[in-house]
Amino acid sequence: LAQTDAERGQATYCIATAMHTQGKLEAAVEAYRQAIDMWAAQRVVVWFSLTNALVELGRLDEAAEVVAEALSSPHLSAAGPKAPFKQQLLRIQEDIHFRKQKATAGLETLDTEKAT
């Protein structure tokens, strides 16, 4: 049977979530990225999962880019059925910002300690 892009996208997303659950984060990120284009109707769900995997990998700049893309998408309206994802993405965005500040502060502390 021929599959539609949406069916392949959903299957790819399921594979990505299985890899994510198993801790195979690099592979999960790759699969999530593939699923985004194929499963357009659920793009917001995939962005959410991709963002979480990137944060777990410590790839905060990439995660911030994905969140920004998701939040600027017309697929994500404040009143639509994906509104809870918007709220969660906003929380993740704050967390990424906090983690980046914390990392920067830690580097500044290390630089100060090295200088003394």
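These remarks concern the structure in this document. For clarity, every value in this text was computed on a predicted model and none was experimentally measured.

## Observations regarding the overall build of the chain
Working step 1: Secondary structure summary: the chain contains five helices and zero strands in total.
Working step 2: In the chain, the proportion of contacts linking residues at least 24 apart, taken out of those at least 6 apart, comes to 53%.
Working step 3: Carbon and sulfur atoms form 55% of the exposed surface of the chain, whose accessible area is close to 7200 Å².

## Thoughts on the packing of aromatic side chains
Working step 1: Enumeration according to the criterion identifies three aromatic pairs in this entry.
Working step 2: Judged by centre distance (5.4 Å) and plane angle (45 degrees), the ring pair of Tyr13 and Trp39 falls under tilted. Separated by 26 residues along the polypeptide, Tyr13 in helix H1 (residues 5–21) and Trp39 in the loop between helix H2 (25–38) and helix H3 (43–57) bring together distant segments of the chain.
Working step 3: Here Tyr13 falls in the buried class, since its relative accessible area comes to 14%.
Working step 4: The buried category is assigned to Trp39, whose relative accessible area is 14%.
Working step 5: An angle of 75 degrees between the planes, with centres 5.4 Å apart, marks the rings of Phe48 and Phe85 as edge-to-face. Placement of Phe48 in helix H3 and of Phe85 in helix H5 (residues 83–115) is noted, with a sequence separation of 37 residues between them.
Working step 6: Looking at Phe85, the relative accessible area reads 23%, which means it is partly exposed.

Here is what the cut-offs are and how they apply
- Residues numbered from 1 in each chain as written.
- Predicted model: local features only at pLDDT ≥ 70, side-chain atom pairs only at ≥ 80, totals over all residues.
- Heavy atoms only, no water.
- Helix = DSSP H or I, 4+ residues; strand = E, 2+ residues; numbered from the N terminus.
- Contact = heavy atoms within 4.5 Å.
- Areas by Shrake-Rupley, 256 points an atom, 1.4 Å probe, with all protein chains shown as cover.
- Phe/Tyr/Trp six-rings, centres within 6.5 Å; stacked < 30°, edge-to-face > 60°.
- Buried < 20%, exposed > 50% of the residue type's maximum accessible area, 1.4 Å probe, protein only.

Take it as geometry only, folks, not as evidence of what the structure does.
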